Amino acid sequence: MLQSRLAVFALRVVLVVAALWLLVLLAFALPGELSDGTPEPGVRLPVQLVLSLVLVCVLAVIVCIWRLLTLISRDRLFSDASRRWVDAIVWSLAIGWALLAGFALVVTAIIYFTPEIRDPGIPMLLFGIVVLSSLPLLLMIVMRGLLRQATGYRAELEEVI
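Residues numbered from 1 in each chain as written. Predicted model: local features only at pLDDT ≥ 70, side-chain atom pairs only at ≥ 80, totals over all residues. Heavy atoms only, no water.

Peer 1: In this structure, what is going on with the environment of leucine 93? I would like to understand it.
Peer 2: Turning to its location among the elements, leucine 93 is positioned in helix 3 (residues 80–113). Taking the C-alpha atoms as reference, leucine 93 lies 23 Å from arginine 76; in sequence the two are 17 residues apart. (Helix = DSSP H or I, 4+ residues; strand = E, 2+ residues; numbered from the N terminus.)

Below is the structure:
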């Protein structure tokens, strides 16, 4: 029991640090980098909007994980409330992934159709980011199924007892 309390506490500390880091990125780093590095103002706003929305999706995942940790500490993980928070995580990850994949496709198309930039490095990097960012989404979909199954087993066990 003590070990799980320490793990929950450590995870909450990491979640707070990650959320603060994302907020700093969202408020200061992202706008600053895009204002210095992007020559065309017409490109700057859509890029900042998409990347900001992806960061907001990650922040939503952090909030949902915090709520799940609260349910774990109250021994209510196998409940309908936890399924709602897991569903919110899945939706946040799916929206963030779709935005990121669309952004990668647009950037790749721009690079492909611009003859003087046809460097494969950026599209390959974006492809890797999109593939790697699909892993948490797919993992949460599997975990959601496992949670649904475990919740059903717990309900059956409570009926027997």
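Next comes the rest of the write-up.
Peer 1: Any chance you could explain the nonpolar core here in plain terms?
Peer 2: General note: in soluble globular proteins, nonpolar side chains tend to be found buried as a group. With 22 residues, the main nonpolar core has Leu22, Leu55, Leu59, Ile62, Phe103, Val107 and Val130 as its most contacted residues. Beyond its immediate stretch of four places on either side in the chain, valine 130 contacts Trp97, Leu100, Ala101 and Ala104. Grouped together as the second largest cluster of nonpolar side chains are 12 residues, Cys64, Val86, Ile89 and Val90 included. (Core = buried A, V, L, I, M, F, W, Y, C linked by side-chain atoms within 4.5 Å. Buried < 20%, exposed > 50% of the residue type's maximum accessible area, 1.4 Å probe, protein only. Contact = heavy atoms within 4.5 Å.)

Peer 1: Mind showing me how you'd approach the packing of aromatic side chains here?
Peer 2: Two aromatic rings are characterised by how far apart their centres lie and by the angle between their planes. Within this structure, the stated rule accounts for one aromatic pair. Note on tyrosine 112 and phenylalanine 113: the rings are 5.0 Å apart at their centroids and 80 degrees apart in plane angle, and the pair reads as edge-to-face. The residues tyrosine 112 and phenylalanine 113 share a single accessibility class, namely exposed. The positively charged end of arginine 12 is found above the aromatic ring belonging to tryptophan 66, 4.5 Å away from the centroid. (Phe/Tyr/Trp six-rings, centres within 6.5 Å; stacked < 30°, edge-to-face > 60°. Lys NZ or Arg CZ within 6 Å of the ring centre and 35° of its normal.)

Peer 1: Please explain the side chain of serine 92 as it appears in this structure.
Peer 2: Structurally, serine 92 is set in helix 3. Residue classification places serine 92 among the buried positions, given a relative accessible area of 12%. Once residues within four sequence positions are removed from consideration, serine 92 is found in contact with Cys57, Ala60 and Val61.

Peer 1: What exactly am I supposed to notice about the side chain of serine 79 here?
Peer 2: Among the structural elements, serine 79 can be located in the loop between helix 2 (41–73) and helix 3. On the basis of relative accessible area, serine 79 is assigned to the buried category, the value being 10%. There is a polar contact of 2.7 Å between the side chain of serine 79 and the backbone oxygen of arginine 76. (Polar contact = N/O pair within 3.5 Å; in protein donor to acceptor, adjacent residues only side chain to side chain.)

Peer 1: Honestly, the pattern of salt bridges in this entry has me stumped. Any pointers?
Peer 2: Where side chains of opposite charge bring their charged atoms close, a pairing between them can arise. Taken as a whole and assessed by the stated rule, the structure comprises two salt bridges. Here arginine 83 ties to aspartate 80 by a salt bridge, and the two come within 2.5 Å at their closest N and O atoms. Taken as a pair, arginine 83 and aspartate 80 lie in helix 3 at a separation of three residues, close to a single helical turn. As a salt-bridge pair, aspartate 87 and arginine 144 come within 3.3 Å of each other at their nearest N and O atoms. Linking aspartate 87 in helix 3 with arginine 144 in helix 4 (residues 121–160), this pair joins segments that are 57 residues apart in sequence. (Salt bridge = Lys/Arg side-chain N within 4 Å of Asp/Glu carboxyl O.)

Peer 1: Help me out: how do you make sense of unusual backbone geometry in this one?
Peer 2: Located in the positive-phi region is aspartate 75, a residue other than glycine, with phi close to 60 degrees. Tracing the sequence through the fold places aspartate 75 in the loop between helix 2 and helix 3.

Peer 1: What am I meant to see in the confidence of the model for the protein here?
Peer 2: As a general rule, the predicted coordinates of low-pLDDT regions are not to be interpreted in detail. When pLDDT is averaged along the protein, the result is 87; 94% of the residues meet or exceed 70. Looking across the protein, the model is least confident in helix 1 (residues 2–37), with a mean pLDDT of 86, and most confident in helix 3, with 92. (pLDDT = per-residue confidence, 0-100.)

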